[in-house]
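Structure at a glance
Chain residues, written in single-letter form:
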Amino acid sequence: MAKTFLSRRRWLQKALPGTVLGLLGARGLTQTVNADQTDSLPFMANLSDVPRDLAGMQAQKIPMLLFVHASYCGFCHEVDSQFIQPMVDDPIYRGRLIVRRIEIDAGGIILDARGHKETNSEFARRLDVQLVPVVAFFDPEGREVGERLKGITVPDFYPYYLDEGIKLAEQCVKNPD
């Protein structure tokens, strides 16, 4: 089964060469973050400092779940309230990953892996987010792994797809090649 995960990941890396790596992480950029800063990574927070998050993910050997949403989106509220927010209180997710959020219509600023600041909407645009909600998974090097969850088609199956994405991201962390 691990071979399936790795084959799928390799295909994605070839299909999307360096696209996300340039957005989220590049080797060397995370080395400027102090080790004590990575120990205090919150489980769930708005995405604001990509180098800090990547350094923490590398130190803890965990992936990131990125939830991209909008305040005006009813489906985003449904995904958030039924699936994303409950993860905070569920101990099964602690220590397995970090969750970061981008509200595309909010006024937040994100420090990207290159050290540039950009708005939430600019960052989401560079990730090629064309509709919301989107849930994407990233390894500690900043590479997107697996398929994005776009929208919400059948809420009954959403937890399954979410857990499969988390498992694939964890597998890619354990077996990076």
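An account of the accompanying structure is given in this report. (Residues numbered from 1 in each chain as written. Predicted model: local features only at pLDDT ≥ 70, side-chain atom pairs only at ≥ 80, totals over all residues. Heavy atoms only, no water.)

1. Focus on the sheet that holds strand S3 (residues 98-103)
How we decide: At least two DSSP bridges between two strands are required for those strands to pair. Numbering of helices and strands runs from the N terminus; a helix is a DSSP stretch of H or I covering at least four residues, while a strand is a stretch of E covering at least two. Axis definition: a line fit to C-alpha positions, over the contact stretch in the case of helices; interaxial angles, taken between N-to-C directions, run 0 to 180 degrees. Only heavy atoms enter the contact rule, under which two residues are in contact if any of them lie within 4.5 Å.
Read from one edge to the other, the open sheet built from 5 strands follows the order S1-S3-S2-S6-S7, with strand pairing classed as mixed. The open sheet is flanked by strand S1 (44-46) and strand S7 (144-150), the only strands paired with a single partner. Neighbour-to-neighbour, the strand axes of this sheet turn through a mean angle of 20°, independent of strand direction. Pairing analysis gives 6 bridges linking strand S2 (residues 64-69) to S3, with the strands arranged parallel. Bridge pairing in S3 places His69 opposite Glu103. Together, S2, strand S6 (134-138) and S7 form the strand contacts of helix H8 (residues 158-174), whose direction differs from that of S7 by roughly 170°.

2. A short note on the packing of aromatic side chains
This is how it is decided: When two rings of Phe, Tyr or Trp (its six-membered ring) have centres within 6.5 Å they constitute a pair, described as stacked for plane angles under 30 degrees, edge-to-face for angles over 60, and tilted for the intermediate range. Burial classes follow relative accessibility: with a 1.4 Å probe on protein chains only, a residue under 20% of its type's maximum area counts as buried, one over 50% as exposed, and anything between as partly exposed.
A full pass over the atoms with the stated rule returns 2 aromatic pairs. Geometrically, the ring pair formed by Tyr160 and Tyr161 is edge-to-face, given 5.5 Å between the ring centres and 65° between the ring planes. Exposure remark for Tyr160: the relative accessible area of 48% places this residue in the partly exposed category.

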